[in-house]
Every structure is written in C-alpha cells, then in structure tokens.
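Structural description and commentary
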Amino acid sequence: MFTVSFCSPDTTTTSSPVQDVNFTSPGGCGVSGDSHPGQRGQLLCLQTSGGGSQGERSQHGLPAGGLSTTFGSSREETLSLSESLTGDTISQYTQLARKLEVWLSLGGFHERGHNWESDRRIYNSHIIINDKGDIVSVYRKSHLFDVELPEKGVSLKESAFTIPGPCLVSPVQTPIGKLGLGICYDLRFPELSLALQRHGAEILTYPSAFTVATGAAHWEVLLRARAIETQCFVLAAAQVGQHHEKRSSYGHALAVDPWGEVMGDCGAERPGMVLVEIDLEKVSSTRRNMPVQQHRRDTGFYHSLEKT
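Our subject in this report is the structure included herewith. (Residues numbered from 1 in each chain as written. Predicted model: local features only at pLDDT ≥ 70, side-chain atom pairs only at ≥ 80, totals over all residues. Heavy atoms only, no water.)

Considering the nonpolar core
Counting residues in each nonpolar core, the largest one holds 38 residues, and the members touching the most others are Tyr206, Trp219 and Leu223. Counting residues per element, the ones that place at least two in this core are strand S13 (177-181), helix H4 (190-198), strand S14 (203-205), helix H5 (212-230), strand S15 (233-236), strand S18 (254-256) and strand S20 (276-278). Counting twelve residues, the second-largest nonpolar core is a separate cluster that includes Ile90, Leu104, Leu106 and Val138. (Core = buried A, V, L, I, M, F, W, Y, C linked by side-chain atoms within 4.5 Å. Buried < 20%, exposed > 50% of the residue type's maximum accessible area, 1.4 Å probe, protein only. Helix = DSSP H or I, 4+ residues; strand = E, 2+ residues; numbered from the N terminus.)

Considerations on the sheet that holds strand S7 (residues 104-112)
Overall, antiparallel pairing links the three strands, which are arranged S7-S8-S9 in an open sheet. Only two strands of the sheet have a single neighbouring strand rather than two, namely S7 and strand S9 (135-140). Across the sheet, the mean angle from the axis of one strand to that of its neighbour is 30°, orientation sign disregarded. Sheet topology note: the S7/strand S8 (residues 122-129) ladder contains eight bridges and is antiparallel. What sits directly across from Ser105, in S8, is Ile128. (Pairing = 2+ DSSP bridges. Axes fitted to C-alpha atoms, helices over the stretch in contact; angles between N-to-C directions.)

Overview of the pattern of salt bridges
Going through the model one piece at a time under the given rule, you end up with nine salt bridges. Put simply, Glu220 and Arg224 hold a salt bridge, and the shortest N to O gap is 3.6 Å. Of the two residues, Glu220 and Arg224 both sit in helix H5, four residues apart, roughly one turn of that helix. The exposure class assigned to Glu220 is partly exposed, which follows from its relative accessible area of 35%. You can call Arg224 partly exposed: its relative accessible area is 34%. Arg226 is paired through a salt bridge with Glu229; the nearest N and O atoms lie 2.3 Å apart. Linking Arg226 with Glu229, this pair stays in helix H5, spanning three residues, or about one helical turn. With relative accessibility at 6%, the residue Arg226 sits in the buried group. (Salt bridge = Lys/Arg side-chain N within 4 Å of Asp/Glu carboxyl O.)

Rendered as structure tokens:
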C-alpha cells in the first residue's frame with residue numbers, strides 16, 4: 001500500500017533549479033512546480049500553478065502522474081518554448097529527482113521533434129524519471145486534438161505543429177506499481193488503455209489540459225470508464241484556469257480507483273494537492289471478483305461483423 005499526495009497549495013517549498021517547487025518525502029508524491037509563468041496546473045497526486053503572460057509549463061512529480069504542457073498564445077510562441085529531452089527543463093528535473101530521491105512523471109512536455117531544424121514540429125511527450133535521475137520511459141502522444149466545436153467555442157488543431165507518436169510504450173515498473181502512460185486526448189481511446197492493461201498496467205496516467213467545455217461534459221465520465229474497463233487505478237493531472245486570453249483549462253485533477261470510485265478531485269477553482277492511497281490489492285481483488293479480462297473474447301470475435 002502506498003500513499004500518493006494530494007495536498008493544499010500552501011505546502012512547504014524549497015529552493016531548486018525550478019521555480020516554486022513543492023515536494024513531499026521521497027516515499028510520498030514527489031514534486032510539483034512550474035518553470036514558466038502563465039501555466040496553471042493540477043496534479044492528483046500533486047497539483048500546481050503559475051501565473052503570468054507567457055506560455056508556461058507546470059510540472060508535477062510523484063511516483064505516478066504529472067503535467068507539463070506549454071501553452072503559448074500562438075503557434076510560434078508554443079514552438080519557441082519547446083525543448084529537447086537534453087534541454088534545461090528536463091535536465092533540471094533529472095537533477096531534482098536525484099537530489100530528492102523521488103520518481104517524476106512529467107506529462108504533456110513539448111519535445112522538439114527529431115527533424116526540428118528542418119520542419120519545426122514537436123512531440124507532446126510524457127516522461128518518467130526515476131529516483132536516480134534517469135529517464136526510464138518516454139511516451140509521445142498518439143492521438144492529436146484536432147477539433148472544431150463552434151457552439152462550444154472550441155477550435156484547436158494540434159496536428160498543425162505536433163507529430164503523432166509512433167507507438168505505445170510498455171508500462172513502467174515504479175515504487176507504486178506498473179504505470180501505463182497516456183496524455184490528455186488519448187483518454188478518449190479505450191483501445192490504448194486496454195492495450196496497456198494487457199501488458200501489465202496497474203495504474204493509468206493521463207496528464208491533461210482539457211478545455212472547459214469538453215471537461216465539463218466528459219472528463220470525469222471518461223476517467224471513470226477507463227478505470228472500470230481496465231480495473232486499474234487512474235491518475236489524471238490537469239491544468240486549471242486561464243493560460244492567456246485565448247485558452248483556459250478545466251482542472252479537476254482526478255484520482256479514480258479500479259471500481260470507478262473517485263478518490264480525489266482537485267476542483268476547478270485553484271491549484272492544490274490531495275493525498276490518495278494506492279493499494280494494489282484493490283486491483284487484484286477487483287480483477288479476481290469480476291474477471292472481465294478472462295471473459296473477453298479473442299480479437300477476431302470483435303471483428304466478426306466486418307466479415308458479414
């Protein structure tokens with residue numbers, strides 16, 4: 001059984017390579033902070049914010065789950081704030097993880113693509129750093145948010161500057177269990193979460209920045225659905241509030257247990273942190289008492305309609 005922290009925004013701070021870093025003991029949640037003004041983030045095992053005029057990157061760490069999306073007010077600003085995995089931001093966090101002996105999950109990081117010099121395109125990446133400061137996994141977001149909802153005031157085209165990730169990555173063994181990595185819009189694709197579950201995931205993570213309109217309609221129900229169908233814990237960090245005049249995020253960083261019950265909710269008003277308990281016996285007992293995966297038919301069965 002492990003405890004993951006969801007504390008108040010007024011937790012103890014300490015000086016570090018990154019501005020406004022809050023942290024708990026190595027056995028708890030980890031760190032939370034922001035390295036660029038203007039970003040407001042929530043983490044369900046830690047939730048943070050920053051204020052300001054430029055695009056931002058709020059980053060949360062714990063043994064599982066995090067957030068670090070950069071929102072510029074234009075494509076050009078967003079791209080200018082992107083970095084490589086060997087850039088200053090990730091280097092600072094690897095040092096911090098090693099210093100505090102915590103695992104960090106930095107999700108939604110705008111990573112410069114492999115052909116950055118020629119095409120100026122980026123990945124939306126989720127990075128896991130262990131307590132020795134090593135990058136142990138990088139997942140690049142598979143599903144890009146190209147959506148027009150004129151009646152909701154939502155118009156976004158992520159593919160204009162983002163490269164879709166080439167593949168899923170295997171769940172990562174962490175101190176709190178095997179962690180499956182997703183990002184934001186990936187939440188809408190159950191195929192991804194089920195694939196991670198089949199490969200051993202006990203906890204699914206979805207660091208996100210849902211719009212206010214889509215979040216109010218779908219955020220909680222999607223997270224609970226992913227937890228119920230995979231019988232995993234789900235930890236979903238979330239940005240909250242206004243980034244700039246063109247963009248606000250829904251908030252409600254959420255933790256859900258394998259039965260689909262909400263364990264913690266950071267709300268929509270302000271940054272903060274909450275404490276939740278991760279007991280892997282709940283994963284085992286839920287799967288044992290309702291063996292959904294054993295009842296699942298082979299893949300061919302679900303494609304049988306295509307043959308008729």
